[in-house]
Amino acid sequence: MTIGIIGSGAMGAGIAQVVATASHTVRLLDQNAEALQRAGAGIQGSLTKLAEKGKLTAEAAAAIFGRLHLTQDVADFGDCELVLEAIVEDLAVKQQLFREVEMLVSDTCVLASNTSSLSIASIAAACRKPERFIGIHFFNPAPIMQLVEIIPAVQTRTGLAEEVRDLVQSWGKLPVLTKDTPGFIVNRVARPFYGEAIRILEEGIADMATIDWALTELGGFRMGPFALMDFIGHDVNYRVTESVFASFFYDPRFKPSFTQKRLFEAGYYGRKSGRGFYSYAPDAIQPEPNRDEQLGRLILNRVLAMLINEAVDALALNVASREDLELAMTKGVNYPKGLLAWADELGPENVLRTLDALYDEYHEDRYRASPLLRRMVRAKQSFISHEPAAV
């Protein structure tokens, strides 16, 4: 199978490596010759490191790289059976790209976007045959992250999502099926991890070091929200939050914060710029958290209640199956537990009590509990197990 990848940035190059490793011929396209050569060198370097670590033989690494073909000419995609773009998050640019690609590929070639924030239906609308269009959303770095979101558009032909899921699974990835709704699964459900942490900071309940400590030490998350936002970069994280907020018709649950917006406007993107919520200067002294466990539990339970509520609402609206929601959050953002299983562990009644207390305090729709959570509590049902829920 020959697969075309458009865009040789970190994501495009990473996907190309995944696909070539899975024994496919890959054509990696970029109009920027320097970027293209840099991507090729990066993939070769990555494969060499894997060989040095004993994860690949030198012969296998050479064979993988031999299946990669760098090109600046989209006409080279004529024999591709799948073309996937990983370019700038701009709807008009992506639409124009697929208008051009569709004229060069066969009628059976599947067209796909790696977008994380745009509607798949809106990109597919530019195609002459939108029924062959689908979303295939990898997470960065693609060779390492297991999760891939598969997103059929309303135009996508019946059966294509399952075919693509099976293909991606053959690449050694963990695919999940999700509706074409803003943020898909991960970028939708994860928003409160950042948003509620910032709200707690803004209200002066705790500083960022204490919030990060509570989520990592007490909650088991690999990184706290402020360290993670700095790691992702506010130029990326803030824009995704802003996009999801607008795409959900300005639902208050996804409202961005002025605190993060100001960092974004100032160019304080986090690690990549040397300053974000934390300073990354060589001589920077990082703040110490307040290790008060009672305060830490209050912070953790508040953020967890918001995360669980978002996962429950996604389940209620059939964004994805229970299994795929749990898989997405544990493999896509490395949460210590699936949020629905976590709800069962805490007791849905206790999660609802936390949300209702917040709503009573603030009277903001941000804290409205999902109707499904209320129904589950009334019925004394759990989300994953078949045992009665804890109360």
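Just so it is clear, the structure is predicted and the values come from calculations on it, not from any experiment.

When helices and strands are tallied, the chain shows 17 helices and eight strands. Taking the principal axes of the C-alpha coordinates as reference, the chain spans close to 60 × 55 × 40 Å. For the chain, the proportion of its 391 residues judged to be buried stands at 52%. Counted over contacts in the chain with a minimum sequence separation of 6, partners at least 24 positions apart contribute 69%. Accessible surface for the chain amounts to roughly 17500 Å². Of this, 52% is attributable to carbon and sulfur atoms. Taking the 40 positively charged and 49 negatively charged side chains of the chain as two groups, their mean positions are separated by 1 Å.

A separate point is the domain arrangement of the chain. The domain boundaries assigned to the chain delineate domain 1 (2-177) and domain 2 (185-384). Computed over C-alpha atoms, the centres of domain 1 and domain 2 are 30 Å apart. Between domain 1 and domain 2, the contact holds twelve residues from the first and twelve residues from the second. Summed over both partners, the interface of domain 1 with domain 2 buries about 960 Å², with 59% contributed by carbon and sulfur atoms. Among the residues domain 1 hides against domain 2, the three largest losses belong to Leu147, Val176 and Leu177. Together they make up 36% of the total. Residue assignment for the side of domain 1 that touches domain 2 shows that the elements contributing at least two residues are β7 (147-152) and β8 (174-177). Here the side of domain 1 that touches domain 2 gets four residues from one element, more than from any other, and that element is β8. For the side of domain 1 that touches domain 2, the class distribution of residues is seven nonpolar, four polar and one charged.

A word on helix α15 (residues 339-346). Within α15, burial applies to Leu339, Leu340, Trp342, Ala343 and Asp344. At its buried positions, α15 is contacted by α7 (186-189), α13 (293-316), α14 (322-332) and α16 (348-362). Looking one or two residues past α15, glycine 347 carries a phi angle of roughly 100°, positive in sign.

Quick look at the sheet that holds strand β6 (residues 133-138) now. The strand order across the open sheet built from eight strands is β3-β2-β1-β4-β5-β6-β7-β8, with neighbouring strands paired in mixed fashion. Taken across any chain shown, the strands that pair with only one partner, and hence form the sheet edges, are β3 (68-71) and β8. Going across the sheet, the axis of each strand differs from the next one's by a mean of 25°, ignoring polarity. Pairing between strand β4 (residues 82-85) and strand β5 (residues 110-113): four bridges, direction parallel. Bridge assignment links glutamate 85 to a residue of β5, and that residue is serine 113. Strands in contact with helix α1 (residues 10-21) are β1 (2-6), β2 (25-29), β3, β4 and β6; relative to β2, the strand with the most contacts, it is inclined by about 170°. Set on the sheet, α14 makes contact with β7 and β8; between it and β8 the angle comes to about 135°.

Following both chains from N to C, one finds helix α10 (residues 225-232) and helix α11 (residues 234-247) inclined at 105°, their axes separated by 6 Å at the closest point. As judged from the angle between their axes, α10 and α11 are roughly perpendicular. Facing α10, whose interface residues are Met229, Asp230 and Ile232, α11 presents His234, Val236 and Asn237. When the residues that make up the contact of α10 with α11 are grouped by side-chain class, the tally is three nonpolar, two polar and one charged.

This part takes up the UniProt feature "domain: 3-hydroxyacyl-CoA dehydrogenase NAD binding" (unreviewed entry) in the chain. Taking the numbering used here, the UniProt-annotated feature "domain: 3-hydroxyacyl-CoA dehydrogenase NAD binding" (unreviewed entry) corresponds to residues 2-181. Secondary structure over residues 2-181 splits into 38% helix and 21% strand, and the C-alpha atoms at its two ends are 30 Å apart.

Moving on, we come to the environment of leucine 352. Checked against the element boundaries, leucine 352 lands in helix α16. Each C-alpha atom, one on leucine 352 and one on alanine 369, is 6.8 Å from the other, the two residues being 17 residues apart in sequence. Excluding its chain neighbours within four sequence positions, the residues that come into contact with leucine 352 are Ala369, Leu373, Arg374 and Val377.

Burial of β4 is two-sided: the residues Leu82 and Leu84 facing one way and the residues Val83 and Glu85 facing the other way are all buried. Direction of pairing for β1 relative to β4: parallel, over a ladder of four bridges. The residue bridging glycine 4 from the neighbouring strand is valine 83, located in β4. Regarding topology, helix α4 (residues 91-102) serves as the crossover connection from β4 to the parallel β5, and that connection is right-handed.

Going through the model one piece at a time under the given rule, you end up with 27 salt bridges. In this structure, arginine 262 engages glutamate 265 in a salt bridge whose closest nitrogen and oxygen atoms are separated by 3.0 Å. With a gap of three residues between them, arginine 262 and glutamate 265 both fall in helix α12 (residues 258-266), about one helical turn apart. On the basis of relative accessible area, arginine 262 is assigned to the partly exposed category, the value being 45%.

To continue, consider the UniProt feature "domain: 3-hydroxyacyl-CoA dehydrogenase C-terminal" (unreviewed entry) in the chain. Mapped onto this numbering, the UniProt entry gives "domain: 3-hydroxyacyl-CoA dehydrogenase C-terminal" (unreviewed entry) at residues 183-280 and 299-380. Between the end C-alpha atoms of residues 183-280 the distance is 29 Å, and the span holds 59% helix and 0% strand. In residues 299-380, the share of helix is 73% and the share of strand is 0%. The end C-alpha atoms are 26 Å apart.

Parameters and conventions
Residues numbered from 1 in each chain as written. Predicted model: local features only at pLDDT ≥ 70, side-chain atom pairs only at ≥ 80, totals over all residues. Heavy atoms only, no water. Helix = DSSP H or I, 4+ residues; strand = E, 2+ residues; numbered from the N terminus. Buried < 20%, exposed > 50% of the residue type's maximum accessible area, 1.4 Å probe, protein only. Contact = heavy atoms within 4.5 Å. Areas by Shrake-Rupley, 256 points an atom, 1.4 Å probe, with all protein chains shown as cover. Lys, Arg positive; Asp, Glu negative; His and termini not counted. Charge placed at Lys NZ, Arg CZ, Asp CG, Glu CD. Domains from an automatic or database assignment. Buried area = accessible area lost by both parts, 1.4 Å probe. Nonpolar A, V, L, I, M, F, W, Y, C, P; charged D, E, K, R; others polar. Pairing = 2+ DSSP bridges. Axes fitted to C-alpha atoms, helices over the stretch in contact; angles between N-to-C directions. Parallel < 35°, antiparallel > 145°, perpendicular 65-115°, else oblique. UniProt positions renumbered as here; feature names shortened; annotations may be inferred. Right-handed = clockwise from strand over helix to strand, strands pointing away. Salt bridge = Lys/Arg side-chain N within 4 Å of Asp/Glu carboxyl O.

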